[in-house]
Amino acid sequence: MKNGLALFLGVFATLALSWAGLLLTAHKQLGSLSQFKDPVEETLNPLPLSGLADQGRLVYQDLGCVSCHTQQVRHEGFGADIERKWGQRASYARDYIREKTVLIGHSRLGPDLRNVGVRLGDTASRDEYAEWFYSLLYAPQSKAAGTNMPSYAFLFDVHPTAGRQASYDALKLTSKFAPPAGYEVVPTARARALVAYLQSLKDTYDYPTERSLNTPAEISKEGAH
Amino acid sequence: MNSTDKNSRAEQIEIDASAKWPVLIFFGSAIMWLLLGGALQLIASIQLHTPDFLSACAWTTYGRVAPAAQNALIYGWGMNAAFAFGLWLMARLSATTLRHGGWLFVAAKFWNVGVALGIAGILGGYSTSFELLEMPRYVTLILLVAYAMIGVWGVTTFSIRNTENVYASQWYLFGAAFWFPWLYAIGQIMLLKAPVRGVLQPVVNAWFVHGLYGLWFVPIALASAYYFLPKILGKPIANYYLAPLAFWWLVGATAFAGGSRLIGAPVPIWISTLGGAANFLLVVPVVVIALNFFGTLAGNIAAIGSSITIRFTLISMIGFVLASVLNFALSIRGFAQIVQFTLLTDLRDWLIFYGCFSTAMFGAAYFILPRLTGLQWRSSALVTAHVGTAVLGVLLLTVGLAYAGWTQGKMLNDAAIPFGDITKAMTFWFTFRSVGLGLLLIGHVAFLINFIWIACPINSRGTPSAQFSNPPDLKLSNESVTEGHA
């Protein structure tokens, strides 16, 4: 090769084609995905994040949770995501349009978090969930013995109760995880936001459109309604 | 490839003199980042098996240290080293001096200030959490402007070349010089400035990450091998006529291969299928390039023992082939199903960046710096230590992490195994990785000490001068005259 211009044009075309072929095409296909209105219940899905949860998303980004946690449930038969109860169904593209920053992750040093907001099951109350998340963040070993998740104690205030009544949201820690006598552990605003975000992570609505698109053809879904 | 008469040597001395300060600045900054990034990487690695280590403070929590380390290595060490090597080689191959070195000096300052601000931003809590684009938005412009001032010099040097022919290394350097700013700018615009919606973000991110590795770091490493092998061995590249084919095929397919990172992800399946198909197509250029390199090396096994640069180039070539094989394997759905999200996918990127690219830059530095400064590497023991730790480290980490990743993936896919048991089973391998990374860090310290001796005028007083009829980096044995020609 001697021709500088030909080299330049080739170099240009290489990336231009891949940009147009991959990114623009994908954008054309997915860029205008919208919420789905359930024909029976008349609800819009996915629901947008609450304001506090959206702040929590920023905490999630800032602390680099994505370094160890994915947020994508792979479909049945491809990995054991469903069997591990990381979700009732595989994640769809539409699930993610509610988030300003989509962090599906690339490493599973920790478990998948896409449906961590329903990890304890339907019976647990919202407060029980919050307590579970707070304890997990403050002292991971108290909820997941043997984990290598670091403690996020810096998201909490440890201060003396000084004879006052304990705060309503003080963590109910036991044994070696409990603070010294006369002290209590209270989540900061950042911890509250983060937990609100984690609680919002649940794809419980199954879209009829996506379900049919993502189902292998040979399995008949007749009568599923 | 290069004539060895006196005129040509005088010309090379002039080119080297023009490139001396920019290259020293870039290499110097690169090595600083290599150590800083390596230290952060070691901290992050230790935190995986000792979670309480430095976890009390938000600045040093794993989720911040790990991306900070990765960014320090990629943008600090990798980019600076690529600038140093790329500018020098472009000037050499274009047979023209590197002009306006002062601008490059300014650009280097801007680039390094930008990276430093970015790393501080990640540690301080402003990470964007997009892989390899974690640095906060406020550094984007600094980095792009600094890059523009650097990249334009590479391209200008190429366009005022005094040579008839354009050599393989120049194609790769020229291409990379265009691809990086384009990838980076599009990544920034489509993810941070005017974010695309939903799962398009991971698609853009995968495209960027794959492009950064495959269209920036790999081309620079290949440019180095295409240059140093014939230069030092004194014979042309074997089957060179296939090199243009390999170039276009490699870069064309790599540009489309990014989607292969999204197998099983909630994106349209054509994206990962296209990526997988592109990775399958890459078999041909990888074989051709391997033929080019190993064919040139065949029959010159003795040279491996006699030249540090050849040794590092050999590691780099093996790293390239291994990373390509792994890339290929990770496009196979059955394999990806098991090892996706494990240490094995990390290994693929690490092999490209460290096994292939970084080792190539070490080799280049051992060749270039004595020629720029006119001094020898003072301690051959430290050189040996660097090569030794690199060989051992790459070998151990490749074998270890491949096995660990496979085990981890098998366990992840067995829902009967509680997640905590996987972490326990992996603890040994996390420790193993810390040891491997620590080993590499020792080699980098040795490299730094030698670099200070050769590059810092105050410290280099005791360093013997280099005579290129007796090349300085061939102190070990069996000196080959050919390396002395430049």
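Residues numbered from 1 in each chain as written. Chains lettered and ligands numbered in written order. Predicted model: local features only at pLDDT ≥ 70, side-chain atom pairs only at ≥ 80, totals over all residues. Heavy atoms only, no water.

Chemist: Could you give an account of empty space enclosed by the protein, naming the residues involved and the relevant values?
Modeler: Residue and element names in this part refer to chain B. As enumerated under the stated definition, the model contains eight cavities of 30 Å³ or more in all. Of the pockets and cavities examined, the second largest cavity occupies roughly 170 Å³. In terms of lining, the second largest cavity is formed by 16 residues, of which the most central are Gly86, Leu87, Gly154, Leu173 and Ala177. For the lining of the second largest cavity, the elements supplying multiple residues, two or more each, are helix 2 (62-93), helix 4 (140-159), helix 5 (168-193) and helix 6 (200-233). When grouped by side-chain class, the residues that make up the lining of the second largest cavity number 13 nonpolar, three polar and no charged. (1 Å grid on protein atoms, 1.4 Å probe; cavity = no way out; pocket = protein on both sides within 12 Å on 5 of 7 lines; lining within 4 Å. Points joined across faces, edges and corners; volume = space filled by probe spheres on them. Helix = DSSP H or I, 4+ residues; strand = E, 2+ residues; numbered from the N terminus. Nonpolar A, V, L, I, M, F, W, Y, C, P; charged D, E, K, R; others polar.)

Chemist: How would you explain the nonpolar core if you had to name every residue and give the values?
Modeler: Within soluble globular proteins, side chains that are nonpolar generally end up buried alongside one another. Residue and element names in this part refer to chain B. Grouped together as the largest cluster of nonpolar side chains are 230 residues, with contacts concentrated most on Tyr75 and Trp216. Here this core gets 24 residues from one element, more than from any other, and that element is helix 6. Leaving out residues up to four positions away in the same chain, Trp216 has contacts with Met79, Ala82, Phe83, Tyr147, Ala176, Ala177, Phe180 and Gly211. (Core = buried A, V, L, I, M, F, W, Y, C linked by side-chain atoms within 4.5 Å. Buried < 20%, exposed > 50% of the residue type's maximum accessible area, 1.4 Å probe, protein only. Contact = heavy atoms within 4.5 Å.)

Chemist: So what about the pattern of salt bridges? Which residues, and what values?
Modeler: Residue and element names in this part refer to chain A. Under the counting rule described, the total for this entry stands at 20 salt bridges over all chains. Among the salt bridges present, the one from Asp62 reaches Arg190, with a minimum N-O distance of 2.9 Å. Within this pair, whereas Asp62 is found in helix 2 (residues 51-62), its partner Arg190 is found in helix 5 (residues 189-200), the two being separated by 128 residues in sequence. Put simply, Arg94 and Glu210 hold a salt bridge, and the shortest N to O gap is 2.9 Å. Here the residue Arg94 occupies a position in the loop between helix 2 and helix 3 (126-138), and Glu210 occupies one in helix 6 (residues 208-213), the gap between them amounting to 116 residues. Each of Arg74, Asp81, Arg108 and Asp112 takes part in salt bridges that share partners, so that together they form one network. (Salt bridge = Lys/Arg side-chain N within 4 Å of Asp/Glu carboxyl O.)

Chemist: Before we move on, can you summarise helix 13 (residues 343-373) of chain B with the specific residues and values?
Modeler: Residues and elements named next belong to chain B. Bending of helix 13 peaks at approximately 40° at the position of Trp350. Most of helix 13 sits inside the fold, with 30 of its 31 residues counted as buried. Following helix 13 by one or two positions, Gly374 has its phi on the positive side, about 75°. (Bend = angle between axes of the 7 residues up to and from the residue.)

Chemist: Residue-level account of the interface of chain A and chain B, with values.
Modeler: Listed per partner, the contact involves 70 residues of chain A and 80 residues of chain B. Summed over both partners, the interface of chain A with chain B comes to about 6,400 Å²; 67% of that surface belongs to carbon and sulfur atoms. Where chain A packs against chain B, one counts one salt bridge. Two residues, Asp62 of chain A and Arg64 of chain B, come together in a salt bridge whose shortest N-O distance is 2.4 Å. Among the secondary structure elements, those contributing two or more residues to the side of chain A that touches chain B are helix 1 (4-30) and helix 2 of chain A. Ranked by the residues each element gives to the side of chain A that touches chain B, the list is headed by helix 1 of chain A, at 20 residues. Residue composition of the side of chain A that touches chain B, by class: 34 nonpolar, 28 polar and eight charged. (Buried area = accessible area lost by both parts, 1.4 Å probe.)

Chemist: Before we move on, could you go through unusual backbone geometry and cite the residues and values that matter?
Modeler: Residues and elements named next belong to chain A. Of note, the bond from Asn45 into Pro46 is cis; its omega dihedral lies within 30 degrees of zero at -5°. One can find Pro46 in the loop between strand 2 (44-45) and helix 2. For Glu42, which is not glycine, the phi torsion reads 55° and is therefore positive. Along the chain, Glu42 falls in the loop between strand 1 (36-37) and strand 2. A relative accessible area of 56% places Glu42 in the exposed class.

Chemist: Can you tell me about the packing of aromatic side chains, naming the residues and giving the values?
Modeler: A full pass over the atoms with the stated rule returns 58 aromatic pairs over all chains. Between Tyr205 of chain A and Tyr207 of chain A, the aromatic rings sit 5.0 Å apart at their centres with planes inclined by 75°, giving edge-to-face as the arrangement. Classification of Tyr205 of chain A by relative accessible area gives buried; the value is 17%. The exposure class assigned to Tyr207 of chain A is buried, which follows from its relative accessible area of 1%. Ring centres of Tyr172 of chain B and Tyr226 of chain B lie 5.8 Å apart, and the angle between their planes is 20°; on these two criteria the pair is classed as stacked. With Tyr172 of chain B in helix 5 and Tyr226 of chain B in helix 6, the pair connects residues that are 54 residues apart, well separated along the chain. Here the two residues Tyr172 of chain B and Tyr226 of chain B agree in accessibility, since each one is buried. Each member of the aromatic cluster is reached from another via a ring pair, and the members are Phe26, Tyr75, Phe83, Trp111, Tyr147, Phe180, Tyr184, Phe208 and Trp216 of chain B. Taking NZ or CZ as reference, Arg89 of chain A lies 4.3 Å from the ring centre of Tyr92 of chain A, over its face. The side chain of Lys109 of chain B reaches across the aromatic face of Phe105 of chain B, ending 5.5 Å from its centre. (Phe/Tyr/Trp six-rings, centres within 6.5 Å; stacked < 30°, edge-to-face > 60°. Lys NZ or Arg CZ within 6 Å of the ring centre and 35° of its normal.)

Chemist: For the pairing of strand 4 (residues 183-187) of chain A, give the residues involved together with the corresponding values.
Modeler: All names here are of chain A. Of all five residues in strand 4, four are buried, a share of seventy percent or more. Pairing between strand 3 (residues 156-160) and strand 4: five bridges, direction antiparallel. Bridge pairing links Phe156 to Pro187 in strand 4. (Pairing = 2+ DSSP bridges.)

Chemist: Give me the lowdown on the layout of surface pockets, citing residues and values where you can.
Modeler: Residue and element names in this part refer to chain A. There is about 880 Å³ of room inside the second largest pocket. Along the wall of the second largest pocket there are 41 residues; nearest its centre are His69, Gly110, Pro111, Leu136 and Met149. Among the residues making up the lining of the second largest pocket, the classes are represented as 27 nonpolar, 11 polar and three charged.

Chemist: Tell me about the environment of Ile82 of chain A, and please be specific about residues and values.
Modeler: Residues and elements named next belong to chain A. Here Ile82 shows up in the loop between helix 2 and helix 3. The exposure class of Ile82 is buried, given its relative accessible area of 17%. Between the C-alpha atom of Ile82 and that of Tyr152, which follows or precedes it by 70 residues, the distance is 28 Å. With near-sequence residues (within four places) excluded, Ile82 lies in contact with Val73, Arg74, Glu76, Gly87, Gln88, Arg89 and Ala90.

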